[in-house]
Amino acid sequence: MSSVLFDVPGPRARVRHRVYGVVGALAVVAVLAFVAYRFAVSGQFSGSKWTWIEYTKIQTDLLAALLNTLKAFGAGAVLALLFGAVFAMARLSDHAVIRVPATVVVEFFRAVPLVVLIFMFHYGLALGAPFFSVVLGLTLYNGAVLAEVFRAGVLSLPRGQSEAAYALGMAKSQVMRLVLLPQALRVMLPAIVSQLVVLLKDTALGFLITYEELLYYARYLGGDFQFGRPLVPITISVAALYIAMCLLLTWLATTLEKRNRRSRKVVAAPQDDPLPA
Amino acid sequence: MDVLLDNLDLYGPGFLDTVELFLLSGTGALVLGVVLAMLRVSPVPVLRAAGATYVTIVRNTPLTLVFFFFAFAFPLLGIVNTRDFGSYYFVAAVIALTLYTAAFVCEVMRAGINTVPVGQAEASRALGLTFGQMLGSVVLPQALRAVVPPMVSTLNALLKNTTIAAGFSVFQAGSISLNLAERGEDQLVGLAWVALFFVVLVIPMTLLQRSLEKRWSIAR
């Protein structure tokens, strides 16, 4: 919280706040208790619905599914960063021949829902293995968003940076490659990592085209009658996995941001909220 | 063109249902998001923590998983009788989209509140306004102007996210191509029309965002 909207509470306000606090806490506890009660009544806490966790086969399969998620994320992240860098450069080009098509491509892939893109590759073009459709979709959509992030980063740099580089006799491509992009990358690091969190979450869309990732495996295991269709326990476990992975990435982003703030080599990042989902 | 014209009976309702899904969950997300933002800036620590926890959890969960929960797992809890619900999946999609988007709306609102100078809040307190009055008549109206661009981005994302419902038995734009396949139509062409539909919807929204941004930035 950068700003405080309320006064330091006096004695009466403190009492009032305590009352609100108790009421609020009771409301939260009531909601949680209701959820827990429904879980208990419908037998989601019964041991039989959780026995799957003990099977080595299921553990390795779950791990394989997790690896598939990470594989799609890794490939998508690397390719999207590349795509973003290339198209940011193209959008900043002095030649309309390059700039205009790049703008059209970026705006198109930002406007089309990722699901529709993935369906296009999988059902429309029949790329074969769903992995390729997922990665290609993730690359194009997030790459287009990242291109805008990179571009905003380059535009936020002081003019003197490029002027000094030109004064040293660098060519246009050298100025971009050696001076502007590396700085833009650091300025926009928090926004970039936030976009990577989005990319990680979007790998779950692979479920829709039967890419065998975490959610797909959850669906498969959740329908298993041997364990009493443990859909709710599985969903909770998988959600915990996703949240842990994303928080790890977010934590990385804040750590990097803090380090950036301490180093004087980097100009302040413009306040730009990452695009959701 | 033939694919679109021959299957207008699919495209028409599909696009309409997408817009309906968007409007319902957009309204829900805006209301819930503003409430969450108010919790997050409130003087009561418990409420602040509750808001923060909700936002952290939801923002780090894939939307597909939220859909997954409401489509498959939630009915097992027996809170609602899904058989009575003729269109349970549609309701589930609205709930999933609302709960998910509200977390992002909340963050956008909070960032907007942070852009309002502290002096504004101090001045309203000096005038004797209560916390609620101060938020409602002084801070939020100003914050609202600052958040137009990121809010439109959030709503844009929501509009595109409605297509995820295609995987969960809700008929809308995203599921048109799946139905086209049954008719033996070319799916690539069919999906190209869906993509075009979103381009046509999203680009005017972006233009509106830019013009509002320009018009309202002077007013402050």
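Since the model is a prediction, treat every value here as computed from it, not as a measurement.

(A) Representation of the overall build of chain A. Within chain A one finds 10 helices and zero strands. Each helix and strand of chain A, ordered N terminal to C terminal, gives the series α-α-α-α-α-α-α-α-α-α. Relative to a compact globule of 277 residues, whose C-alpha radius of gyration would be 19 Å, chain A shows 24 Å and is clearly more extended. With the C-alpha coordinates aligned to their principal axes, the bounding extent of chain A is approximately 75 × 65 × 30 Å. Burial analysis of chain A (277 residues in total) assigns 45% to the buried set. Each charge sign in chain A was given a centre, from 25 positive and 14 negative side chains, and these centres are 8 Å apart.

(B) Local environment of the overall build of chain B. On a plain count of helices and strands, chain B comes out with 10 helices and zero strands. Secondary structure elements in chain B, listed N-terminal to C-terminal, are α-α-α-α-α-α-α-α-α-α. Oriented by its inertia axes, the alpha-carbon framework of chain B measures out at about 70 × 45 × 25 Å. Going through the 220 residues of chain B one by one, you find that 51% of them count as buried. Long-range contacts, defined as pairs at least 24 residues apart, comprise 79% of the intrachain contacts of chain B with a sequence gap of at least 6. On chain B, roughly 9400 Å² of surface is accessible, and the fraction owed to carbon and sulfur atoms is 66%.

(C) The UniProt feature "domain: ABC transmembrane type-1" (unreviewed entry) in chain A, seen in detail. As annotated by UniProt and renumbered to match this structure, "domain: ABC transmembrane type-1" (unreviewed entry) occupies residues 66-253 of chain A. Within the segment residues 66-253 of chain A, helix and strand shares are 80% and 0% respectively, and the terminal C-alpha atoms sit 22 Å apart.

(D) Just the packing of helix α2 (residues 8-41) of chain B against helix α5 (residues 88-115) of chain B, in detail. Residue and element names in this part refer to chain B. The N-to-C vectors of α2 and α5 enclose an angle of 45°; their axes lie 5 Å apart at closest approach. If you check the angle between α2 and α5, you find them oblique. For the crossing formed where α2 meets α5, the hand is right-handed. Across the contact of α2 with α5, the residue classes tally to 19 nonpolar, five polar and five charged.

(E) Layout of the UniProt feature "transmembrane region" (unreviewed entry) in chain A. All names here are of chain A. UniProt records the feature "transmembrane region" (unreviewed entry) for residues 20-40, 72-92, 104-125, 131-150, 187-211 and 231-254 in the present numbering. The span residues 20-40 carries 100% helix and 0% strand; its end-to-end C-alpha distance comes to 29 Å. Along residues 104-125 one finds 86% helix and 0% strand; the C-alpha atoms at either end are 21 Å apart.

(F) Fine view of the nonpolar core. Counting residues in each nonpolar core, the largest one holds 128 residues, and the members touching the most others are B:Phe67, B:Phe68 and B:Phe168. Dropping the residues within four chain positions of it, B:Phe168 is found in contact with A:Phe207, A:Leu208, B:Thr64, B:Phe67, B:Phe68, B:Ala71, B:Phe72 and B:Tyr89. Within the second largest apolar cluster, 22 residues are counted, among which are B:Ala102, B:Cys106, B:Val108 and B:Ala143.

(G) Structural context of unusual backbone geometry. Phi at A:Thr210 takes a positive value of approximately 55°, unusual for a residue other than glycine. Mapped onto the elements of the fold, A:Thr210 is located in the loop between α8 (189-202) and α9 (214-222).

(H) Structural context of the UniProt feature "transmembrane region" (unreviewed entry) in chain B. All names here are of chain B. On the UniProt side, "transmembrane region" (unreviewed entry) is annotated at positions that read residues 20-41, 62-80, 86-106 and 188-207 here. The straight-line gap between the two end C-alpha atoms of residues 20-41 is 32 Å; of that span, 100% is helix and 0% is strand. Secondary structure across residues 62-80 comprises 58% helix and 0% strand; the distance between its end C-alpha atoms is 24 Å.

(I) Spatial organisation of the confidence of the model for chain A. Of all residues in chain A, 92% have pLDDT values of 70 or greater, and the mean over the chain is 83. Taken together, the stretch residues 271-277 of chain A has pLDDT below 50 and engages in 15 contacts with residues farther than four places along the chain or on a different chain.

(J) Structural view of the packing of α2(B) against helix α3 (residues 45-59) of chain B. All names here are of chain B. The geometry of α2 relative to α3 is characterised by a closest axis approach of 7 Å and an angle of 130° between their N-to-C directions. Regarding the angle of α2 to α3, the classification is oblique. Considering only the axes of α2 and α3, their crossing is left-handed. From α2, Leu 32, Leu 36, Leu 39 and Arg 40 reach across to α3, where they touch Leu 47, Arg 48, Gly 51, Ala 52, Tyr 54 and Val 55. Taken together, the residues of the contact of α2 with α3 sort by class into seven nonpolar, one polar and two charged.

The rules behind the values
Residues numbered from 1 in each chain as written. Chains lettered and ligands numbered in written order. Predicted model: local features only at pLDDT ≥ 70, side-chain atom pairs only at ≥ 80, totals over all residues. Heavy atoms only, no water. Helix = DSSP H or I, 4+ residues; strand = E, 2+ residues; numbered from the N terminus. Rg over C-alpha atoms; globule rule 2.2 N^0.38 Å. Buried < 20%, exposed > 50% of the residue type's maximum accessible area, 1.4 Å probe, protein only. Lys, Arg positive; Asp, Glu negative; His and termini not counted. Charge placed at Lys NZ, Arg CZ, Asp CG, Glu CD. Contact = heavy atoms within 4.5 Å. Areas by Shrake-Rupley, 256 points an atom, 1.4 Å probe, with all protein chains shown as cover. UniProt positions renumbered as here; feature names shortened; annotations may be inferred. Axes fitted to C-alpha atoms, helices over the stretch in contact; angles between N-to-C directions. Parallel < 35°, antiparallel > 145°, perpendicular 65-115°, else oblique. Left-handed = near helix turned anticlockwise from the far one by under 90°. Nonpolar A, V, L, I, M, F, W, Y, C, P; charged D, E, K, R; others polar. Core = buried A, V, L, I, M, F, W, Y, C linked by side-chain atoms within 4.5 Å. pLDDT = per-residue confidence, 0-100.

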